[in-house]
Amino acid sequence: MDESKRQNILNRMKGLQKNVDQGRVFRTEQALSSLPRRKQPGFGDLPEYKQVVMQQRASEYLGMENPFYRAHEGASGATAMIDGRTYDNFASYDYLGLNRHPDVLGAAERSIQQFGISASASRLVAGERTIHHELESSIAENYGAEAAICFVSGYLTNVAAISCLMGPRDLVIHDEFMHNSGLAGVKLSGATRRFFKHNDVADLERVLKSLADQYERILVIAEGVYSMDGDIADLPGLLRLKEQYGFWLMLDEAHSLGVLGDSGRGVFEHYGVDPASVDIWMGTLSKTTCSCGGYIAGSEALITLLKAQAGGFVYSVGLAPGLAGAAIASLGVLRAEPQRTRDLRRNSHLFLDLARQRGLDTGLSQGYSVVPVLVADSLRAVQLSNELYQAGVNVLPIIHPAVPEGLARLRFFITSAHTEEQIGRAVDLTATILEKLKQQNFGLASVDVGQLMAKLGKG
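Residues numbered from 1 in each chain as written. Predicted model: local features only at pLDDT ≥ 70, side-chain atom pairs only at ≥ 80, totals over all residues. Heavy atoms only, no water.

## So, the overall build of the protein chain
Applicable threshold: Secondary structure elements follow DSSP: runs of H or I no shorter than four residues count as helices, runs of E no shorter than two count as strands, and numbering proceeds from the N terminus. Partly exposed residues are those whose accessible area sits between 20% and 50% of the maximum for their type, while under 20% is buried and over 50% is exposed, using a 1.4 Å probe and protein chains only. Any two residues whose heavy atoms approach within 4.5 Å at even a single point are treated as in contact. Note that accessible areas follow from Shrake-Rupley with a 1.4 Å probe, and for residues the cover is restricted to the protein chains shown. Positive charge is attributed to Lys and Arg, negative charge to Asp and Glu, and no charge count is given to His or to the chain ends. Note that the charge is assigned to NZ on lysines, CZ on arginines, CG on aspartates and CD on glutamates.
The helix and strand tally for the protein chain stands at 19 helices and 13 strands. The burial tally for the protein chain puts 49% of its 459 residues in the buried class. For the protein chain, restricting intrachain contacts to residue pairs at least 6 apart in sequence, the fraction spanning at least 24 positions comes to 70%. Accessible surface for the protein chain amounts to roughly 22,800 Å². Of this, 52% is attributable to carbon and sulfur atoms. Of the charged side chains in the protein chain, 46 are positive and 51 negative, and the gap between their average positions amounts to 8 Å.

## Focus on the sheet that holds strand β8 (residues 280–284)
Formally: Two strands are counted as paired when DSSP detects at least two bridges linking them. Only the stretch in contact is used when a helix axis is fitted, and all axes are lines through C-alpha atoms; the angle between N-to-C directions ranges over 0 to 180 degrees.
Across the sheet, seven strands lie side by side as β3-β9-β8-β7-β6-β4-β5; this open sheet has mixed pairing. In this open sheet, the two edge strands, each paired with only one partner strand, are β3 (147–151) and β5 (192–196). Taken over all neighbouring pairs, the strand axes of this sheet differ in orientation by 20° on average, direction set aside. The strands touched by helix α10 (residues 201–211) within the sheet are β4 (171–175), β5 and β6 (218–223), with β5 carrying the most contacts at an inclination of about 150°.

## Observations concerning the packing of helix α5 (residues 102–115) against helix α15 (residues 321–336)
How two helices pack is summed up by the angle between their axes together with the distance between the axes. The following threshold applies: Helix crossings are classified by the rotation of the near helix relative to the far one: an anticlockwise turn of less than a right angle makes the crossing left-handed, while a clockwise turn makes it right-handed. Amino acids outside the nonpolar list (Ala, Val, Leu, Ile, Met, Phe, Trp, Tyr, Cys, Pro) and the charged list (Asp, Glu, Lys, Arg) are all regarded as polar, and Gly is one of them.
Their axes nearest at 7 Å, the elements α5 and α15 cross at an angle of 145°. Seen along the crossing, α5 lies across α15 with a hand that is right-handed. Here Asp103, Val104, Ala107, Ala108, Ser111, Ile112 and Phe115 of α5 come into contact with α15, specifically with Pro321, Gly322, Gly325, Ala326, Ala329, Ser330 and Val333. Taken together, the residues of the contact of α5 with α15 break down into nine nonpolar, four polar and one charged.

## Some thoughts on the packing of helix α8 (residues 154–165) against helix α9 (residues 180–189)
Our working rule: Orientation labels follow simple angle bins: below 35 degrees gives roughly parallel, above 145 gives roughly antiparallel, 65 to 115 gives roughly perpendicular, and whatever is left gives oblique.
Viewed as axis vectors pointing N to C, α8 and α9 meet at an angle of 30°, and their least axial separation amounts to 7 Å. Classed by the angle they form, the pair α8 and α9 counts as roughly parallel. Between α8 and α9 lies a crossing of right-handed hand. Here Tyr155, Asn158, Val159, Ile162 and Ser163 of α8 lie close against α9, whose contacting residues are Asn180, Ser181, Gly182, Ala184, Gly185, Val186, Leu188 and Ser189. Its residues assigned to classes, the contact of α8 with α9 shows six nonpolar, seven polar and no charged.

## Some details on the UniProt feature "domain: Aminotransferase class I/classII large" (unreviewed entry) in the protein chain
Our working rule: UniProt positions are given in the numbering used here, feature names are shortened, and annotations may be inferred rather than shown by experiment.
Taking the numbering used here, the UniProt-annotated feature "domain: Aminotransferase class I/classII large" (unreviewed entry) corresponds to residues 89–428. Within residues 89–428, the helical portion is 45% and the strand portion 16%, while the C-alpha atoms at the span's ends are 15 Å from each other.

## Some words on the UniProt feature "transmembrane region" (unreviewed entry) in the protein chain
Per the UniProt record, "transmembrane region" (unreviewed entry) is found at residues 313–336. With 75% helix and 0% strand, the stretch residues 313–336 has end C-alpha atoms that lie 31 Å from each other.

## Observations concerning the pairing of β5
What counts here: Orient the strands so they point away from the viewer; a crossover is then right-handed if the path from the first strand over the helix to the second runs clockwise.
The pairing of β4 with β5 spans five bridges and is classified as parallel. Bridge pairing in β5 places valine 172 opposite arginine 193. With α9 bridging β4 and the parallel β5, this β-α-β connection has right-handed handedness.

## Some details on the packing of aromatic side chains
Applied cut-off: Classification of ring pairs uses Phe, Tyr and Trp, with its six-membered ring standing for Trp, and accepts pairs whose centres are within 6.5 Å; under 30 degrees between planes counts as stacked, over 60 as edge-to-face, and the remaining range as tilted.
Under the criterion given, the structure shown has eleven aromatic pairs. Ring geometry for tyrosine 93 versus phenylalanine 413: centroids 5.1 Å apart, planes at 85°, classification edge-to-face. Placement of the pair is tyrosine 93 in the loop between β2 (85–89) and α5 and phenylalanine 413 in strand β13 (residues 408–413), with a sequence separation of 320 residues. For phenylalanine 413, a relative accessible area of 5% corresponds to the buried category. For the ring pair tyrosine 95 and phenylalanine 413, a centre distance of 6.4 Å and an interplane angle of 50° mean the geometry is tilted. Placement of tyrosine 95 in the loop between β2 and α5 and of phenylalanine 413 in strand β13 is noted, with a sequence separation of 318 residues between them. Comparing tyrosine 95 with phenylalanine 413 shows no difference in burial state: the two are buried. A connected cluster of aromatic rings, assembled from ring pairs, spans Tyr143, Phe268, Trp281 and Tyr295.

## Side note on the pattern of salt bridges
Using the following cut-off: Salt bridge, as used here: a side-chain nitrogen of Lys or Arg that lies within 4 Å of a carboxyl oxygen of Asp or Glu.
Overall, the coordinates contain 13 salt bridges when judged by the stated rule. Note that aspartate 88 and arginine 425 form a salt bridge whose closest N and O atoms lie 2.6 Å from each other. One end of the pair, aspartate 88, is in strand β2; the other, arginine 425, is in helix α18 (residues 420–439), with 337 residues separating them in the sequence. A salt bridge links glutamate 387 to lysine 436, with the shortest nitrogen-to-oxygen separation between them at 2.5 Å. In this pair, glutamate 387 sits in helix α17 (residues 378–390) while lysine 436 sits in helix α18, placing the two residues 49 residues apart along the sequence.

## Here's the deal with the side chain of serine 111
With respect to the helices and strands, serine 111 occurs in helix α5. A relative accessible area of 6% places serine 111 in the buried class. Each residue touching serine 111, except ones within four places of it in the same chain, is listed here: Gly116, Ile131, Pro321, Gly322 and Gly325.

Spelled out as structure tokens, the structure:
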């Protein structure tokens, strides 16, 4: 292509606005020429970066090891290999112990052999594979839904779906403990956002009464099992309000699939309600299904809309074939071996009962896969995690700003593969070490803030 033809195409793409605004642009450039040159700050100059560095220095000053980003050296589930040592592991989403299940591994290998490593393109362009249809049909079957759609990230699933369905004239009301991905989706949508008190349908009704008639569309979002606290959404109460106020109901099943219900189908099976009464089923593929990605299940119209207009689907590569194959096989094991869900429930209840017997504060947990141990003080939570790690138990702290200061905790993820001995040992060690830290008054209250700030200032 000769240069004149190339320039002609580029000019047509740019349109005529440049010619219309040429005089105004010239005057603006003249005015700007007299201004001092602007200097862009480096990333190391950003206050957000400096805050991270100060936190790291504070940990070093206090002699506290960073418990995050420890690299595992193999597949992790009820146990983990870290730095050449085997740990009792309570930091895994592998709720049903499928991460090394032969059916799951075999399915992933066969999928890669047939389709390759990558889908190679967005599904809209050329990345559609028959294995995607198979996975989405299996998910839709679980929820008795007309259709489903899979995304390459669980976080992206909430962001893409919410921002696609809602807009500036709409209202989203969510549980105050909703996952950050939901908050990001609402922000991107431009919709008005309100929250209701955690798992409090009376407070949700209060919000609906005051605002429901002011918006075109209303979306209410709750989670099946709340990942920070381990309690379960009041689905019957939500459905009663849905019948009265006429909103869309979205349930996040990330920590519910494989966990709730006699056969692990989720929160609707737990309560014995018709899954069709919920408009939007959302979930992730990284927990029970031992894969990666997320999904939405619902009506044919909903899924058709998302496949056409959800940016996180249209402009993202299709789910990797190996991940799709692993998720399909995991759903097959879930259906074929419901005892795994029952084992998980038994282990979760055992952990909760033992923790309460030892006087540990387990907050709102109902003993389904997630059991927090509230420590209150962030420094104490980190130290407790580190000392448990030294004793052979891997469990991570959740600290400010992920939770408000005063609600710091260790979050134990229970699996069907944990043994009674592992559970008993973890509870006993947690109670013993925590009591010692309390007696030592270890925590924020014991830190000489002036000395710490002086030390950080020198750094």
